[in-house]
Amino acid sequence: VQLQACGGGLVQAGASLRLSCVVSGRSIRGGTLAWFRQVQGQEREFVATVRPSASTIYAESVKGRFTISRDNAKNTVYLQMNNLKPEDAALYYCAVDFQIILSSVRLPNQYDYWGQGTLVTVSS
C-alpha cells in the first residue's frame, strides 16, 4: 500500500488549501483514513480522521475550519482547510489503516501506512 499526498503550499492567513492523498495497492473502502501534521522538533499531531462509514473526528484546534472527506471510487482522501492560521503550518501526512479501532484513531503509531507528507506554510 502506498500513499501519495499533495496540495500543500504557501498561503496567507485566512486562505484555504485542499490536500489530497491517493492510495494505491488496496481499496480504501474498509480503511480508516487520517491526516496528521508535524512541526520540526515536535511530535506528530492528529488532525482528522474519516472512518469506513464516513463518520469523522477532528482535533479541537481545527474543528469548524477543516473538513476531511473520502472518495472510495478514486481511492482518495481529502482535507479541505479553510481560514488557515499561522499555527496550522506543518508537514501534513496522510495515513490509512484497515484494523484500527475507534479509540485509537488519534494515535499515529496505530496506522500501518503513511504518505510522504506535504508542506503547508501560512504567513501572517
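As shown above, the structure is provided for reference.
Fair warning: this is a prediction, and the values are worked out from it, not measured in the lab. Starting from 1, residues in each chain are numbered consecutively following that chain's sequence as written. Local features are withheld for residues below a pLDDT of 70 in this predicted model, meaning they are given only at 70 or higher, and side-chain atom pairs are given and counted only at 80 or more; totals for whole chains, interfaces and linings count all residues. As a rule here, side-chain values cover all heavy atoms of the structure and leave hydrogens and water aside.

What to know about the pattern of salt bridges
Now for step 1: Any carboxyl oxygen of Asp or Glu that lies within 4 Å of a side-chain nitrogen of Lys or Arg is treated as forming a salt bridge with it. A complete count under the given rule lists four salt bridges for this structure.
Now for step 2: Across the salt bridge formed by glutamate 45 and arginine 37, the nearest N and O atoms sit 2.9 Å from each other.
Now for step 3: Exposure remark for glutamate 45: the relative accessible area of 34% places this residue in the partly exposed category.
Now for step 4: Residues aspartate 88 and arginine 65 are paired through a salt bridge, measuring 2.7 Å at the closest nitrogen-oxygen approach. Of this pair, aspartate 88 sits in the loop between strand 8 (76-81) and strand 9 (90-97) while arginine 65 sits in the loop between strand 6 (56-58) and strand 7 (66-71), and the two are 23 residues apart along the sequence.
Now for step 5: Remark: exposure states derive from per-residue accessible area (1.4 Å probe, protein chains only) relative to the maximum for the residue type, with buried under 20%, exposed over 50%, and partly exposed in between. When its relative accessible area of 0% is taken as the criterion, aspartate 88 is described as buried.
Now for step 6: A cluster of three or more residues bridged by salt bridges with shared partners is formed by Arg37, Glu45, Arg65 and Asp88. Helix and strand definitions follow DSSP, with helices as H or I runs of at least four residues and strands as E runs of at least two, each counted in order from the N terminus.

A few points about the sheet that holds strand 3 (residues 17-24)
Now for step 1: One bridge is not enough; two strands pair if DSSP finds at least two bridges between them. As summarised here, the arrangement of the four strands in space is 1-3-8-7, forming an open sheet in which the pairing is antiparallel. Taken across any chain shown, the strands that pair with only one partner, and hence form the sheet edges, are strand 1 (2-6) and strand 7. Across the sheet, the mean angle separating the axes of adjacent strands is 15° when strand polarity is ignored. To obtain each axis, a line is fitted to C-alpha atoms, and for helices this fit is confined to the stretch in contact; angles are then taken between N-to-C directions over 0 to 180 degrees.

Some details on the state of the cysteines
Now for step 1: In what follows, a disulfide is any cysteine sulfur pair within 2.5 Å. With the rule as written, the count across this model stands at one disulfide.
Now for step 2: The cysteine cysteine 6 is free of any disulfide, with cysteine 21 supplying the nearest cysteine sulfur at 8.4 Å.
Now for step 3: The class for cysteine 6 is partly exposed, based on a relative accessible area of 42%.

Considerations on unusual backbone geometry
Now for step 1: Here alanine 54, not a glycine, exhibits a phi torsion of approximately 80°, which is positive.
Now for step 2: Given a relative accessible area of 46%, alanine 54 falls into the partly exposed group.
Now for step 3: Non-glycine residue asparagine 75 carries a positive phi angle of around 50°.

A look at the pairing of strand 1
Now for step 1: Only one face of strand 1 is covered, namely the face carrying Leu3 and Ala5; the face carrying Gln2, Gln4 and Cys6 is uncovered.
Now for step 2: Taken together, the five bridges between strand 1 and strand 3 define a ladder with antiparallel strand orientation. Within strand 3, the position partnered with cysteine 6 by the bridge is serine 20.

Overview of the side chain of threonine 32
Now for step 1: Structurally, the position occupied by threonine 32 is in strand 4 (residues 32-38).
Now for step 2: Since its relative accessible area comes to 2%, threonine 32 is described here as buried.
Now for step 3: Within 3.5 Å is the distance limit for a polar contact, defined as a pair of N or O atoms, with the added protein rule that one can donate a hydrogen and the other accept it, and that residues adjacent in sequence qualify only through two side-chain atoms. There is a polar contact of 2.9 Å between the side chain of threonine 32 and the side chain of arginine 51.

With respect to the nonpolar core
Now for step 1: Counting 37 residues, the largest nonpolar core has Trp35, Leu79, Met81 and Tyr92 as the members making the most contacts within it.
Now for step 2: Of all the elements, strand 9 adds the most residues to this core, at five residues.
Now for step 3: In this view, tyrosine 92 contacts Leu19, Trp35, Phe36, Arg37, Val47, Phe66, Leu79, Met81, Gly117, Thr118 and Val120; residues no more than four positions away in its chain are not counted. Among buried residues, the Ala, Val, Leu, Ile, Met, Phe, Trp, Tyr and Cys ones that are joined through side-chain atoms within 4.5 Å form a nonpolar core. Contacts are assigned to residue pairs with any non-hydrogen atoms lying within 4.5 Å of each other.

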